[in-house]
Amino acid sequence: MSQYDVVIIGGGFSGIHTALELCEKGITNIAILEGRHLGYGGSGRNGGQLTPGLARWEAEEMIEHFSHEDAKRLWNFTSVEAMQLIDNIAAKYQLDLQRKRGHITAAVHEGHLVALTQGSDARKYLGENHTRVVGKHELFDHVKSTSYFGGLMDSLGGHIHPLALNRGIAYGFLQNGGTIYERTEVTEIEERED
């Protein structure tokens, strides 16, 4: 029976990135246990959109719930640093993630355009300046539809191939001495005094 200092259950983004970070810090006796195969769930099947912030916690919500300095740090961590982390991993392990830069959020009604403008203002208030609001006519240059009222151009976000990122992080983990067991379902966890 093999013994490891750290065992991580799940081969999605969270599990394999945690394993890679630990290996890069010198903890190499690590195993990942994955019930199916790496990236089987959402980490390998999502749409690959890179959007700054947290789900349902955009810059405005961070400003609302935290001091200016804490909101600024959290926003930077979930936006600029998050995008840089992906780029750094790709560069370090020479990964082809089919990275595309920039994305557009098109306003489906006038009120939506107001909300996008407020979101852009909040991001600027927190020190991040990668967005600009465009009107209906400028948006048409990028989205060939007259159905929208304008939109938010975001140069920070973008798109990647999510399964390539998942497998690439796993590659880095293996390069650093880690071990992966696919098709290894965890059926029980036993806590002991030692």
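Please refer to the structure placed before this passage.
Residues numbered from 1 in each chain as written. Predicted model: local features only at pLDDT ≥ 70, side-chain atom pairs only at ≥ 80, totals over all residues. Heavy atoms only, no water.

1. Here's the deal with the packing of helix α4 (residues 68-78) against helix α5 (residues 80-92)
Viewed as axis vectors pointing N to C, α4 and α5 meet at an angle of 25°, and their least axial separation amounts to 2 Å. Taken together, the axis directions place α4 and α5 in an arrangement best described as roughly parallel. Here α4 contributes Trp75, Asn76, Phe77 and Thr78 to the contact with α5, which in turn contributes Val80, Glu81 and Ala82. Counted by class, the contact of α4 with α5 contains 4 nonpolar, 2 polar and 1 charged residues. (Axes fitted to C-alpha atoms, helices over the stretch in contact; angles between N-to-C directions. Helix = DSSP H or I, 4+ residues; strand = E, 2+ residues; numbered from the N terminus. Parallel < 35°, antiparallel > 145°, perpendicular 65-115°, else oblique. Contact = heavy atoms within 4.5 Å. Nonpolar A, V, L, I, M, F, W, Y, C, P; charged D, E, K, R; others polar.)

2. Notes on a negative patch on the surface
Taken together, the side chains of Glu58, Glu60, Glu64 and Asp121 define an acidic patch exposed on the protein surface. Topologically, Glu60 is positioned in helix α3 (residues 59-65). (Patch = residues over 30% accessible without salt bridge, like charges linked within 9 Å, V, L, I, M, F, W, Y side chains within 5 Å. Areas by Shrake-Rupley, 256 points an atom, 1.4 Å probe, with all protein chains shown as cover. Salt bridge = Lys/Arg side-chain N within 4 Å of Asp/Glu carboxyl O. Lys, Arg positive; Asp, Glu negative; His and termini not counted. Charge placed at Lys NZ, Arg CZ, Asp CG, Glu CD.)

3. Regarding the environment of Gly42
Relative to the assigned elements, Gly42 resides in helix α2 (residues 42-45). Put simply, Gly42 and Gly12 are 30 residues apart on the chain and 7.6 Å apart in space, counted from C-alpha to C-alpha.

4. Overview of unusual backbone geometry
Of note in the backbone geometry, Gln98 takes a positive phi value of approximately 50° without being a glycine. Among the secondary structure elements, Gln98 is positioned in the loop between α5 and β4 (100-106). In this structure Gln98 comes out as partly exposed when scored by relative accessible area, which is 44%. Non-glycine residue Arg183 carries a positive phi angle of around 50°. Mapped onto the elements of the fold, Arg183 is located in the segment after β7 (179-181). (Buried < 20%, exposed > 50% of the residue type's maximum accessible area, 1.4 Å probe, protein only.)

5. Section: a nonpolar patch on the surface
Among the surface-exposed residues, Val7, Ile9 and Ile189 lie close enough to one another that they form a single nonpolar patch of about 300 Å² accessible area. Take Ile9: it is sitting in strand β1 (residues 6-9).

6. Brief notes about helix α6 (residues 110-125)
Here α6 spans 23 Å end to end across 16 residues, near enough to the 22 Å set by a 1.5 Å rise per residue. Remark: Gly127 follows α6 within two positions and exhibits a positive phi of approximately 90°. (Expected span 1.5 Å × (residues − 1).)

7. Side note on α5
For α5, built from 13 residues, the straight-helix expectation of 18 Å at 1.5 Å per residue is met to within 8% by its first-to-last C-alpha distance of 18 Å. Among all positions in α5, only Met83, Ile86, Asp87, Ile89 and Ala90 are buried. Buried residues in α5, looked at end-on, bunch into an arc of 160°, giving them a common side. Turned more than 90 degrees away from the buried face of α5, the exposed residues are Ala91 and Lys92. Considering only its buried residues, α5 is in contact with α1 (13-24), β3 (49-50), β4, β6 (150-159) and α8 (162-175). Gln94 sits one or two positions beyond α5 and adopts a positive phi of about 50°. (Arc of directions from axis to C-beta.)

8. What to know about the pairing of β1
With 4 bridges joining them, β1 and strand β2 (residues 30-33) adopt parallel strand pairing. Bridge pairing in β2 places Ile9 opposite Leu33. The parallel pair β1 and β2, bridged by α1, forms a crossover whose chirality is right-handed. (Pairing = 2+ DSSP bridges. Right-handed = clockwise from strand over helix to strand, strands pointing away.)

By themselves, these observations are geometric and do not establish any function.
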